[in-house]
Amino acid sequence: MVDLHPAVAVLAPLLGTWTGSGTGEYPTIATFGYSETVTFGHIGKPFLTYTQRTAAVDDGRPLHAETGYIRVPGPGRVEWLLAHPTGIVEILEGTCDIGADGSVSMELSSTIARSASAKEVTALTRSIAVSGDRLSYTVQMAAVGQPLQHHLAAVLRKEQP
Ligand code: HEM
């Protein structure tokens, strides 16, 4: 296996596959539960690869998915470049803090680009925390005429290789 590029060494705790579950809500939709699988990988270049897929808890049907890359442009900073199958592309930028115990916490806000057919999403923020084998996150969204507010929260555990 190729060595992790030094530029993304601080993100080493993310590498691997994570599974778990979350809850989604928004004023315009019914609250839902979902299962989620996320994989962070690398190929020795200065980025991590990222894939995510989700399924409904009630009947297992596929829900949201996203894929992209994570970069570390400088100390304490991080960038996520994400593509969504819903016609949305998200550039997340923000802070990446490494705790004394090796925990990682990120506070990100997005620049959004949308295709002509995509739903109106105007702002998105994400908070992500990784500590040992536990990854948790929340997502806030401004969309379809609603102000920025909670959309998602989930807790995942790292699968043992
Ligand atoms: C774990 C990830 C996510 C899951 C499981 C999820 C799931 C859902 C579900 C089940 C709905 C309601 C039914 C539907 O429209 O399909 C919904 C609505 C929506 N989601 Fe998410 N979503 C996720 C992430 C995102 C992200 C990252 C964005 C924006 C970039 C987003 C934007 C929206 C929008 C705009 C709506 C429609 C609201 C409306 O039309 O009233 N979602 N989501």
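How each quantity is defined
Residues numbered from 1 in each chain as written. Predicted model: local features only at pLDDT ≥ 70, side-chain atom pairs only at ≥ 80, totals over all residues. Heavy atoms only, no water. UniProt positions renumbered as here; feature names shortened; annotations may be inferred. Salt bridge = Lys/Arg side-chain N within 4 Å of Asp/Glu carboxyl O. Donors = N, O, S within 2.8 Å, 3.2 Å for Na, K, Ca; no water. Helix = DSSP H or I, 4+ residues; strand = E, 2+ residues; numbered from the N terminus. Near = heavy atom within 4 Å. Polar contact = N/O pair within 3.5 Å; in protein donor to acceptor, adjacent residues only side chain to side chain. Nonpolar A, V, L, I, M, F, W, Y, C, P; charged D, E, K, R; others polar. Buried < 20%, exposed > 50% of the residue type's maximum accessible area, 1.4 Å probe, protein only. Contact = heavy atoms within 4.5 Å. Phe/Tyr/Trp six-rings, centres within 6.5 Å; stacked < 30°, edge-to-face > 60°. Pairing = 2+ DSSP bridges. Axes fitted to C-alpha atoms, helices over the stretch in contact; angles between N-to-C directions.

- The protein chain goes by Peroxynitrite isomerase in an unreviewed UniProt entry, where it is assigned to Mycobacterium adipatum.
- Regarding the protein chain, the relevant UniProt record gives this comment under Catalytic activity (unreviewed entry): "peroxynitrite = nitrate".
- Quoted verbatim from the Pathway (unreviewed entry) field of UniProt, the annotation for the protein chain is "Nitrogen metabolism."

### As for the pattern of salt bridges
- Overall, the coordinates contain six salt bridges when judged by the stated rule.
- Counted as one network, the salt bridges with shared partners bring together Asp58, Asp59 and Arg61.

### Remarks on the coordination of the iron atom of the ligand
- Of all protein atoms, just one serves as a donor to the iron atom of the ligand, and that atom is His151 (NE2), at 2.4 Å.
- Residue placement: histidine 151 occurs in strand S10 (residues 149-158).

### Details of unusual backbone geometry
- A positive phi angle, near 40 degrees, is found at valine 144, a position not held by glycine.
- Positionally, valine 144 belongs in the loop between strand S9 (134-143) and S10.

### Here's the deal with the UniProt feature "short sequence motif: GXWXGXG" (unreviewed entry) in the protein chain
- In the UniProt entry, the feature "short sequence motif: GXWXGXG" (unreviewed entry) is given for residues 16-22.
- Secondary structure across residues 16-22 comprises 0% helix and 100% strand; the distance between its end C-alpha atoms is 19 Å.

### Overview of the site of the ligand
- Residues in contact with the ligand amount to 21 residues; listed here are only the nearest, Thr28, Phe32, Lys119, Met141 and His151.
- Histidine 151 places a polar side-chain atom, nitrogen or oxygen, 3.2 Å from a nitrogen atom of the ligand.
- Put simply, the parts of the chain that give the shell around the ligand at least two residues each are strand S2 (29-41), strand S3 (48-56), strand S4 (62-71), strand S8 (121-131), S9 and S10.
- Residues belonging to the shell around the ligand are distributed by class as follows: twelve nonpolar, six polar and three charged.

### Some words on the side chain of arginine 126
- Position of arginine 126 relative to the elements: it lies in strand S8.
- For arginine 126, a relative accessible area of 9% puts it in the buried group.
- Of the polar contacts made by the side chain of arginine 126, one reaches the side chain of glutamate 66; its length is 2.9 Å.
- Among residues more than four places away in sequence, those in contact with arginine 126 are Tyr50, Glu66, Leu82, His84, Glu90, Leu92, Met106, Glu107, Leu108, Thr138, Val139 and Gln140.

### Section: the packing of aromatic side chains
- One pass over the structure, following the stated rule, counts five aromatic pairs.
- Plain terms: the ring middles of phenylalanine 47 and tyrosine 69 are 5.2 Å apart, the flat faces sit at 85 degrees to each other, and that makes the pair edge-to-face. Of this pair, phenylalanine 47 sits in the loop between S2 and S3 while tyrosine 69 sits in strand S4; the two residues are 22 residues apart in sequence, bridging distant segments of the chain.
- Residue classification places phenylalanine 47 among the buried positions, given a relative accessible area of 17%.

### Some thoughts on the sheet that holds S9
- With antiparallel pairing, the ten strands of this closed barrel are ordered in space as S1-S2-S3-S4-S5-S6-S7-S8-S9-S10. Taking each pair of neighbouring strands and ignoring which way they run, the sheet shows an average axis angle of 20 degrees.
- Two strands pair when backbone bridges link them, and S8 and S9 are joined in this way by ten bridges, in the antiparallel orientation. Counterpart to valine 130 in the pairing with S9 is leucine 135.

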